[in-house]
Amino acid sequence: MDDGLDYEVSTKVRFLLNYDGAEEFNTLLLPDVQEAFVNHVKEVYERNDTLREYISGDLNFRFDGRRVDLEYVFSCCDENEAEAESFSEYCVREVQRELEEFGCRLTHIACSADEADMAWLEELEDAIFGPRGAADDEHLQPEFGGMIM
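Everything numeric in this text was worked out from a predicted model, so none of it was measured. (Residues numbered from 1 in each chain as written. Predicted model: local features only at pLDDT ≥ 70, side-chain atom pairs only at ≥ 80, totals over all residues. Heavy atoms only, no water.)

Describing the overall build of the protein chain
Keep this limit in mind: For helices the rule is a DSSP run of H or I covering at least 4 residues; for strands it is a run of E covering at least 2, with both sets numbered from the N terminus onward. Working definition: with a 1.4 Å probe on protein chains only, accessible area under 20% of the residue-type maximum means buried, over 50% means exposed, and in between means partly exposed. Should any heavy atoms of two residues lie within 4.5 Å, those residues are considered in contact. Using the Shrake-Rupley algorithm and a 1.4 Å probe, accessible areas are obtained, with residue cover drawn only from the displayed protein chains.
Within the protein chain, the secondary structure is distributed over six helices and four strands. The N-to-C order of helical and strand elements in the protein chain reads β-α-α-β-β-α-α-β-α-α. Relative to its full complement of 149 residues, the protein chain shows a buried share of 28%. When contacts within the protein chain are restricted to residue pairs at least 6 apart in sequence, long-range pairs at least 24 apart make up 67% of them. Accessible surface, the protein chain: about 10,200 Å² in total, of which carbon and sulfur atoms supply 48%.

A few points about the environment of Lys-12
Residue position: Lys-12 is located in strand β1 (residues 5-17). What makes Lys-12 partly exposed here is its relative accessible area of 26%. Note: C-alpha distance between Lys-12 and Ser-112 (100 residues apart in sequence) is 8.9 Å. For Lys-12, the contacting residues outside a window of four places in its chain are Asp-69, Leu-70, Glu-71, His-108, Ile-109 and Ala-110.

Here's the deal with the state of the cysteines
Test applied: Count a disulfide wherever a pair of cysteine sulfur atoms falls within 2.5 Å.
Throughout the structure, instances matching the rule amount to zero disulfides. Among the cysteines around Cys-76, which has no disulfide bond, Cys-77 carries the closest sulfur, lying 7.5 Å off. Note on Cys-76: relative accessible area 4%, which makes it buried.

Here we look at helix α3 (residues 81-94)
How we decide: One fewer than the residue count of a helix, multiplied by 1.5 Å, yields its expected span. Here a polar contact is recorded for every N or O atom pair within 3.5 Å, except that within protein the pair must consist of a potential hydrogen donor and a potential acceptor, and residues adjacent in sequence are included only if both atoms are side-chain atoms.
Its 14 residues place the ends of α3 20 Å apart at the C-alpha level, agreeing with the 20 Å of an ideal helix rising 1.5 Å per residue. Where α3 starts, the residue carrying a side-chain oxygen 3.1 Å from the main-chain nitrogen of Ala-82 turns out to be Asn-80.

What to know about the confidence of the model for the protein chain
Here is the rule we go by: Each residue carries a pLDDT value, the predictor's own confidence for that position, ranging from 0 to 100.
In this model, the protein chain carries a mean pLDDT of 83, and residues with pLDDT of at least 70 account for 74%. Put simply, helix α6 (residues 134-138) is where the protein chain has its lowest mean pLDDT, 53, and helix α4 (residues 96-100) is where it has its highest, 97.

Pasting the structure below:
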């Protein structure tokens, strides 16, 4: 049995594209560069078994000139918040070289872990096995309609 807790790690990865947009031609190509960058990052993440398994939800990209912020939730089971955050960052560092092959530089990784809300799992277990505590109360009931004293 795993003694760790489930964590949702909000992960933000910042990139700087090697693009200065100084010329009109380059500015016109910016949407194409951004789309190619998104596709490149998605491909790198999909090829990595760990990232593919632990990322829940979508990869969200925000562009601000040359700066690109990638945000997503990394869901894992770990001993504490610090270890969950460290694991998320480690997974990004594992693919950093591949990410930077696009012609960008990874400049920052920020991870913030919170204990995952597992209420849905408790509700599912209650639906399947009955409400918590109900099984414990049954042994207190008389077997043949007798009274408990």
